[in-house]
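What the coordinates show
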Amino acid sequence: DAGVIQSPRHEVTEMGQEVTLRCKPISGHNSLFWYRQTMMRGLELLIYFNNNVPIDDSGMPEDRFSAKMPNASFSTLKIQPSEPRDSAVYFCASSWGSEAFFGQGTRLTVV
Amino acid sequence: QQQVKQSPQSLIVQKGGISIINCAYENTAFDYFPWYQQFPGKGPALLIAIRPDVSEKKEGRFTISFNKSAKQFSLHIMDSQPGDSATYFCAASKRDYKLSFGAGTTVTVRA
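Residues numbered from 1 in each chain as written. Chains lettered and ligands numbered in written order. Predicted model: local features only at pLDDT ≥ 70, side-chain atom pairs only at ≥ 80, totals over all residues. Heavy atoms only, no water.

Structural notes on the side chain of Thr 76 of chain A
Residues and elements named next belong to chain A. Here Thr 76 is to be found in strand E8 (residues 74–79). Judged by relative accessible area, Thr 76 falls into the buried class, the value being 15%. Ignoring sequence-local partners within four residues, the contact set of Thr 76 consists of Thr 20, Leu 21, Arg 22, Trp 34, Ser 66, Ala 67 and Lys 68. (Helix = DSSP H or I, 4+ residues; strand = E, 2+ residues; numbered from the N terminus. Buried < 20%, exposed > 50% of the residue type's maximum accessible area, 1.4 Å probe, protein only. Contact = heavy atoms within 4.5 Å.)

So, the sheet that holds strand E8 (residues 72–77) of chain B
All names here are of chain B. Read across the sheet, five strands follow the order E1-E3-E8-E7-E6 without closing on themselves; strand pairing throughout is antiparallel. Strand pairing shows two members of the sheet lacking a second neighbour, strand E1 (4–7) and strand E6 (56–59), which therefore form its edges. Across this sheet, the average inter-strand angle for adjacent strands is 15°, counted without regard to direction. When strand E3 (residues 19–25) meets E8, the two strands line up antiparallel, connected through six bridges. Paired with Ala 24 across the two strands is Gln 72, which belongs to E8. (Pairing = 2+ DSSP bridges. Axes fitted to C-alpha atoms, helices over the stretch in contact; angles between N-to-C directions.)

Here's the deal with the interface of chain B and chain A
Listed as interface residues are 15 residues of chain B and, on the opposing side, 16 residues of chain A. Counting the surface lost from both chain B and chain A, the interface buries some 1,400 Å², and carbon and sulfur atoms represent 56% of this. Across the chain B-chain A interface, the total number found is one salt bridge. Between Lys 98 of chain B and Asp 56 of chain A there is a salt bridge, with its nearest N and O atoms 2.2 Å apart. The tally of links between chain B and chain A comes to five residue pairs in polar contact (both at pLDDT 80 or more). Among the residues forming the side of chain B that touches chain A, the class breakdown is eight nonpolar, three polar and four charged. (Buried area = accessible area lost by both parts, 1.4 Å probe. Salt bridge = Lys/Arg side-chain N within 4 Å of Asp/Glu carboxyl O. Polar contact = N/O pair within 3.5 Å; in protein donor to acceptor, adjacent residues only side chain to side chain. Nonpolar A, V, L, I, M, F, W, Y, C, P; charged D, E, K, R; others polar.)

Here we look at the packing of aromatic side chains
Residues and elements named next belong to chain A. In total, this model carries 18 aromatic pairs over all chains according to the counting rule given. Look at Tyr 35 and Phe 102: their rings are 5.4 Å apart centre to centre, the planes differ by 35°, and that puts the pair in the tilted class. On the criterion of sequence distance, the pair formed by Tyr 35 in strand E4 (residues 31–38) and Phe 102 in strand E10 (residues 100–102) is long-range, its members being 67 residues apart. Per residue, the accessibility class of Tyr 35 equals that of Phe 102, and both read buried. (Phe/Tyr/Trp six-rings, centres within 6.5 Å; stacked < 30°, edge-to-face > 60°.)

See the structure below:
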């Protein structure tokens, strides 16, 4: 398996634009997590899906953020409209049980 | 509110030396304590993990020590090598495996 695949690896966008980050989890994994990493706040959990159902979105910072998991092999994190403070590395992770496998991340820069 | 406190923020060790990173938690419902290793530009990768029913776990040069009564756990890297230079994160979760991460420790191993 190629591991958790995220796209794009880098995204630069202008403030106010819509941004969509994509994630393909490891086949067979039933849990999917979106994390955000910044120097100031470290690694924060944004949202957690189990069997494609959002279980906990309490970490989503604002209504501008939304996430979907239409099937077991795909998830998206959307920011609309984007703001400079959204600049961060966004990680997707998947698991079956305790061990979470992280993707390479998407580095988002909002200018 | 950071649920897991990690120290030190950074450390420098000579090749062959011992690196020690400490973490403390408050939530007694946590029952899974992993350590993740992250290299620049990469996602975190699971290094070693422990559950509170054991006080120590060793895998190669990496050892976790766990003190349930003190709500503390630590990572020891024995015989540190330049390839161990990375950022290390402790984390904790309940059975849902939603990870709360420490702030991270940047380890530099001097040759």
